Amino acid sequence: MNMVVLDGYTLNPGDLTWEGLQQLGDLKVYDRTDFSPKTVIKTIGDAEVVFTNKVPLPKEVLTQVPNLKYIGVLATGYNIIDIETAHELNILVTNVPDYSTNSVAQFTMGLLLEMCHHIGDHNKAVMNGEWTKSLDFCFWNTPLMELAGKTMGIIGFGRIGQATAKVAQAFGLNILAYNRSKDYSLESETCKYVELEELFKKSDIISLHCPLTESTKGIINKQNMSKMKDGVMLINTSRGGLIMEAELREALDSGKIGYAAVDVVSSEPMKKDNPLLKAKNCIITPHIAWATKESRTRMMGIVSDNLKAYISEKPINIIR
Ligand code: NAD
């Protein structure tokens, strides 16, 4: 069985092994593949199995790779695949639903702690010799903030939202959760479901953990930001499209939003003219919340298990 990985580098830049998949067939791994359909068609060639993380597989590609029987998405989100066409052509599509929950929750708290203490900036200042010139035993260059007793609004209370809430509660934060559906068994003294308006009004920190859909696109916009507390902190480890970036830039520059920390932007890799790039009080990381070695190892295992299950005709993690 011929198998091709179109863009394997971010999953395995060299610190993991493809052995699990190699045992199941003849595997060719490309670090990256140009997104043009012509190149993708040529790269897939006569393979029966293809793996993609971000390389799109639209109708134009799927209809011109007649041997293809299986698409393994190297991620949770599968919006890059034309699922309807894949189904029409009897191509099975699988994804990896839950591999990075703890890593993303941990990273979310990392961003929050960075906004509270500016550890990176203070380290830089010390390394630049500022402490050696200090008149006092300590100095700080930014306001520092304690979390206990503050309120964190979580938009999207699924796997990552709930895992984040658990850690946040250990820091003494009270959680206001907003989700499409509600599981009231998750409520407690320090965690309550609210409607979006109340979440905006009462939160000191707002963290986004819902998927990017038509109804969540641009949910952080000028109108909704005007309902928030002055100086609120915003965290986005979900998808860049949830935020109207030019409007957030204005809100950061005016101080309406006190600080923002985002791991994702609307177009990745980030464009030079992204309005957040020069915004005041903004931390940006290059979509790394998922990328711990532990979570990539977990993904590699699930990707192999998905293919093994397909080979033994008991497929799992199917996109229907
Ligand atoms: P999940 O499906 O477990 O949770 C998402 C929650 O959002 C669900 O409870 C769902 O009911 C809710 N939801 C859906 N639409 C909604 C709406 N319109 N309003 C309110 N709630 C809505 O997903 P998850 O595993 O927690 O992942 C959350 C998001 O995190 C993913 O969609 C993905 O975009 C992002 N993510 C980012 C990284 C990263 O590296 N930065 C890694 C993994 C996942």
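See the structure above.
The following refers to the structure shown. (Residues numbered from 1 in each chain as written. Predicted model: local features only at pLDDT ≥ 70, side-chain atom pairs only at ≥ 80, totals over all residues. Heavy atoms only, no water.)

### A short note on the environment of V96
Thinking step 1. Topologically, V96 is positioned in the loop between β5 (92–94) and α5 (101–117).
Thinking step 2. Separated by 19 residues in the primary sequence, V96 and M115 place their C-alpha atoms 31 Å from one another.
Thinking step 3. Sequence-distant contacts of V96, defined by excluding residues within four places in its chain, comprise V73, A75, T76, M299, I302, V303 and N306. (Helix = DSSP H or I, 4+ residues; strand = E, 2+ residues; numbered from the N terminus. Contact = heavy atoms within 4.5 Å.)

### Let's talk about the sheet that holds strand β9 (residues 205–208)
Thinking step 1. The strand order across the open sheet built from 7 strands is β8-β7-β6-β9-β10-β11-β12, with neighbouring strands paired in parallel fashion. The open sheet is flanked by β8 (191–193) and β12 (282–284), the only strands paired with a single partner. Averaged over all neighbouring strand pairs, the angle between strand axes comes to 15°, with direction disregarded.
Thinking step 2. Note that strand β6 (residues 151–155) and β9 share 4 bridges and pair parallel. Residue G153 lies in a different strand from β9, and its bridge partner there is I206.
Thinking step 3. Sitting on the sheet, α5 is in contact with β6, β9, β10 (232–236), β11 (257–262) and β12, with an inclination near 150° to β10.
Thinking step 4. Across the face of the sheet, helix α7 (residues 159–170) comes into contact with β6, β7 (174–178) and β8 while running at roughly 170° to β6. (Pairing = 2+ DSSP bridges. Axes fitted to C-alpha atoms, helices over the stretch in contact; angles between N-to-C directions.)

### Considerations on the sheet that holds β5
Thinking step 1. The sheet built from 5 strands is open, its strands ordered β2-β1-β3-β4-β5 with parallel pairing. Among the strands making up the open sheet, the edge pair consists of β2 (26–29) and β5. Ignoring strand direction, the axes of neighbouring strands in this sheet form an average angle of 15°.
Thinking step 2. As defined by bridge partners, strand β1 (residues 2–5) adjoins strand β3 (residues 49–52) across 3 bridges and the pair is classed as parallel. In the strand pairing of β3, V4 is matched with V50.

### Some remarks on the site of the ligand
Thinking step 1. With respect to spatial proximity, 22 residues lie near the ligand, and among them R159, I160, N179, T237 and W290 are the closest.
Thinking step 2. Contacts to the ligand include S215, whose side-chain N or O atom sits 3.2 Å from a nitrogen atom.
Thinking step 3. Within the backbone of T237, an N or O atom sits 2.9 Å from a nitrogen atom of the ligand.
Thinking step 4. For the ligand, the accessible surface in isolation is 870 Å², of which the surrounding protein chains cover 85%. (Near = heavy atom within 4 Å. Polar contact = N/O pair within 3.5 Å; in protein donor to acceptor, adjacent residues only side chain to side chain. Areas by Shrake-Rupley, 256 points an atom, 1.4 Å probe, with all protein chains shown as cover.)

### Observations regarding the packing of aromatic side chains
Thinking step 1. Within the structure shown, the criterion is met by 5 aromatic pairs.
Thinking step 2. Ring centres 6.2 Å apart and planes at 65° place the aromatic pair F51 and Y70 in the edge-to-face group. One end of the pair, F51, is in strand β3; the other, Y70, is in strand β4 (residues 70–73), with 19 residues separating them in the sequence.
Thinking step 3. The buried category is assigned to F51, whose relative accessible area is 0%.
Thinking step 4. Residue Y70 is classed as buried on the basis of its relative accessible area, which comes to 0%.
Thinking step 5. With a centroid separation of 4.7 Å and 45° between ring planes, the pair formed by Y70 and Y310 is classed as tilted. (Phe/Tyr/Trp six-rings, centres within 6.5 Å; stacked < 30°, edge-to-face > 60°. Buried < 20%, exposed > 50% of the residue type's maximum accessible area, 1.4 Å probe, protein only.)

### Re the environment of Q22
Thinking step 1. Tracing the backbone shows Q22 in helix α1 (residues 19–22).
Thinking step 2. Note: C-alpha distance between Q22 and S304 (282 residues apart in sequence) is 9.3 Å.

### A word on the pairing of β6
Note on strand geometry: in a regular strand, side chains alternate between the two faces of the sheet.
Thinking step 1. Counting buried residues in β6 gives 5 out of 5 residues, a clear majority hidden from the surface.
Thinking step 2. Of the two faces of β6, the one carrying T151, G153 and I155 and the one carrying M152 and I154 are both buried.
Thinking step 3. Here 5 bridges tie β6 to β7, and the two strands are oriented parallel to one another. When the sheet's bridge partners are listed, I154 is paired in β7 with A177.
Thinking step 4. Handedness of the β6-α7-β7 crossover: right-handed. (Right-handed = clockwise from strand over helix to strand, strands pointing away.)

### Quick look at unusual backbone geometry
Thinking step 1. Backbone torsion omega between E268 and P269 reads 0°, so that peptide bond is classified as cis.
Thinking step 2. Summarising the element assignment, P269 is placed in the loop between β11 and β12.
Thinking step 3. In the Ramachandran plot, N90 falls in the positive-phi region, its phi being about 60° despite a non-glycine side chain.
Thinking step 4. Looking at the element boundaries, N90 is found in the loop between α4 (83–88) and β5.
Thinking step 5. At E313, a position not held by glycine, the phi torsion is positive, near 60°.

### A word on the pairing of β4
Thinking step 1. In β4, alternate side chains face the same way, and those of Y70 and G72 on one face and I71 and V73 on the other are all buried.
Thinking step 2. Strand direction decides the pairing type here: β3 and β4, joined by 4 bridges, are parallel. Its bridge partner being in β4, V50 is matched across the sheet by I71.
Thinking step 3. One ladder, built from 3 bridges, connects β4 with β5; its direction is parallel. Of the residues in β5, the one forming a bridge with G72 is T94.
Thinking step 4. A crossover connection joins β4 to the parallel β5 through α4; in handedness this β-α-β unit is right-handed.

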